[in-house]
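Chain by chain, the residues run as shown.
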Amino acid sequence: MTTISMPLAPTTSEQRATLLFRLCIGVYFLGGFLNSLVGLLVPRLRMIEGLNHTRALLVQFAFHSSYLLFAVPITVLVVKFGYMRSIAAGLVVIALGCGLLAASLGSLGYFMVLLALLALAGGVTFLQIAANIVVPVVEPVRRAVSRLTLLQGFNSLGTVLASLAGSTLLLGTGRQRPGDVAEHIRVVLPFLAVALVALALAAAFIGRRDLLRASSTPRRVPLSGMVDVLANRRLLAGGGAMFAYVGAEVTIGTLLVEYLAMPDILNVSPVAAGQLVGLYWAGALVGRLVGARCLTRYGAPTMLLGCAIGAVALVAVAISLQGPVAAAALLAVGLCNAIMYPTIFALSLPDDHATATYASMLLCMVVVGGAIIPLLTGIVADAVGLTMAFMLPGACYIVIAAFAWWRHRTWDL
């Protein structure tokens, strides 16, 4: 009897899951790196280019609103072409978007920067819908939550490294002057690096596009069936929690640079503040690595509830106090954020994995919270001051705590 090996297509579900997990590490790392770079554009526009909070935070509005605009058509493409090809397509679009953003940051102006961010985020939408589903498709639910949390750890590693390197490149220069090529290259260099890595990852996913052949495939759902899928109580409640989580995390991560640089907080330079923001993302990194192990032993709703309550308390301290204690409290919110995204995502999915693409579509659309909550916070900050404006993201964590409590009562996995 002869056994034929197939090196490009692992023969067991465990091998397929492991290889797919390794491929997704690159995607999650790149996503974190890119999100952190976009966040650093806000303090650059605010503190160096001189824009007010509202106009500067339109950067996050443009970047995150694409999730709402593009989620439905991209879901149609994911269902038609499958998860692996869709992830590769999203990575190519990201590379093109980074190139357009690099050109826009040169001489094309503020409006073109917003359009470039919208295009860039279209590629991220592919990854949000397809990449978040492939792990739950091939893993049991409990292990899927743990592995998604671990992948989010690599996402946080990307944000930490981007905060350290990007702060020097984006915040360590003055206003760009016409004809200053060296300064322009310094500002756009990290985005060009993201473009190259995205193209390499796209080639890797195309090369392994048959990995999910033996797993559940996306299924077209008629309009009447779509209503049933999207009316799922678990999914709708999770969608509200996801909206709140992304809005709060993006708002705090974006405004931390200015907050830490305030005279009554730490009174440091923008570059130093930007590097300190790396601690915010490092907290999420440590929490996700530890949380990935803890989630295999303790109930996900219980851990989510504890983290949400902790975040509310820390934001309250940051609003009420000043100096290093207030700074440390707001930075520590990153630790509470650690398990929130993967846990909310996994706790929101319906039991039928064949319709998970549409559930992922909804959870992707509510990421628009990362556009709306920061913009609203910016409007409040322009009216009453930055510190008090943090009450809005603080309220978002109360929404997450309510979802966690409800899932704790219905937890049956």
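Before reading on, note that the structure itself is shown above.
In this text the structure is predicted, and so the values were computed from the model without any measurement. (Residues numbered from 1 in each chain as written. Predicted model: local features only at pLDDT ≥ 70, side-chain atom pairs only at ≥ 80, totals over all residues. Heavy atoms only, no water.)

**Considering the packing of helix H2 (residues 53-81) against helix H8 (residues 233-261)**
Then step 1. Interaxial distance between H2 and H8 falls to 12 Å at its minimum, and their mutual angle equals 140 degrees. The orientation of H2 with respect to H8, classified from their angle, is oblique. Note on packing geometry: the crossing formed by H2 with H8 is right-handed. Where H2 abuts H8, its residues His-53, Leu-57, Gln-60 and His-64 lie against Val-246, Val-250, Thr-254, Leu-255 and Glu-258.
Then step 2. Residues belonging to the contact of H2 with H8 are distributed by class as follows: four nonpolar, four polar and one charged. (Axes fitted to C-alpha atoms, helices over the stretch in contact; angles between N-to-C directions. Helix = DSSP H or I, 4+ residues; strand = E, 2+ residues; numbered from the N terminus. Parallel < 35°, antiparallel > 145°, perpendicular 65-115°, else oblique. Left-handed = near helix turned anticlockwise from the far one by under 90°. Contact = heavy atoms within 4.5 Å. Nonpolar A, V, L, I, M, F, W, Y, C, P; charged D, E, K, R; others polar.)

**So, a nonpolar patch on the surface**
Then step 1. Taken together, the side chains of Phe-61, Ile-372, Leu-376 and Ile-379 define a hydrophobic patch exposed on the protein surface, amounting to about 300 Å² of accessible area.
Then step 2. Counting residues per element, the nonpolar patch draws most heavily on helix H14 (residues 369-384), which supplies three residues.
Then step 3. Relative to the helices and strands, Leu-376 resides in helix H14.
Then step 4. Assessed through its relative accessible area of 40%, Leu-376 is described here as partly exposed. (Patch = residues over 30% accessible without salt bridge, like charges linked within 9 Å, V, L, I, M, F, W, Y side chains within 5 Å. Areas by Shrake-Rupley, 256 points an atom, 1.4 Å probe, with all protein chains shown as cover. Salt bridge = Lys/Arg side-chain N within 4 Å of Asp/Glu carboxyl O. Buried < 20%, exposed > 50% of the residue type's maximum accessible area, 1.4 Å probe, protein only.)

**Focus on the nonpolar core**
Then step 1. Counting residues in each nonpolar core, the largest one holds 134 residues, and the members touching the most others are Leu-91, Leu-117 and Tyr-259.
Then step 2. For this core, the element with the highest residue contribution is helix H1 (residues 13-48), accounting for 16 residues.
Then step 3. Not counting the four nearest positions on each side in its chain, Tyr-259 is found in contact with Ile-265, Ala-318, Ala-326, Ala-327, Leu-330, Leu-386, Thr-387 and Phe-390. (Core = buried A, V, L, I, M, F, W, Y, C linked by side-chain atoms within 4.5 Å.)

**Quick look at the packing of helix H10 (residues 300-320) against helix H12 (residues 340-348)**
Then step 1. Where H10 meets H12, the axes come as close as 10 Å, and the angle between the chain directions of the two elements is 135 degrees. With respect to H12, the axis of H10 lies oblique. Crossing angle aside, the handedness with which H10 passes H12 is left-handed. Along its contact with H10, which presents Ala-300, Pro-301, Leu-304, Cys-307 and Ala-308, the element H12 presents Met-340, Thr-343, Ile-344 and Leu-347.
Then step 2. Of the residues contributing to the contact of H10 with H12, the split by class is eight nonpolar, one polar and no charged.

**Comments concerning H14**
Then step 1. Compared with the 22 Å implied by 1.5 Å per residue over 16 residues, the 22 Å span of H14 between its first and last C-alpha is a close match.
Then step 2. Tucked into the core, H14 has its buried residues touching H2, H8, helix H15 (386-389) and helix H16 (391-410).
Then step 3. Following H14 by one or two positions, Gly-385 has its phi on the positive side, about 110 degrees. (Expected span 1.5 Å × (residues − 1).)

**As for the environment of Arg-209**
Then step 1. Along the polypeptide, Arg-209 turns up in the loop between helix H6 (181-207) and helix H7 (223-230).
Then step 2. Given the relative accessible area of 38%, Arg-209 is considered partly exposed.
Then step 3. When the C-alpha atoms of Arg-209 and Gly-82 are compared, they prove to be 8.9 Å apart, with 127 residues separating the residues in sequence.
Then step 4. Excluding anything up to four places from it in sequence, Arg-209 contacts Met-84 and Arg-85.

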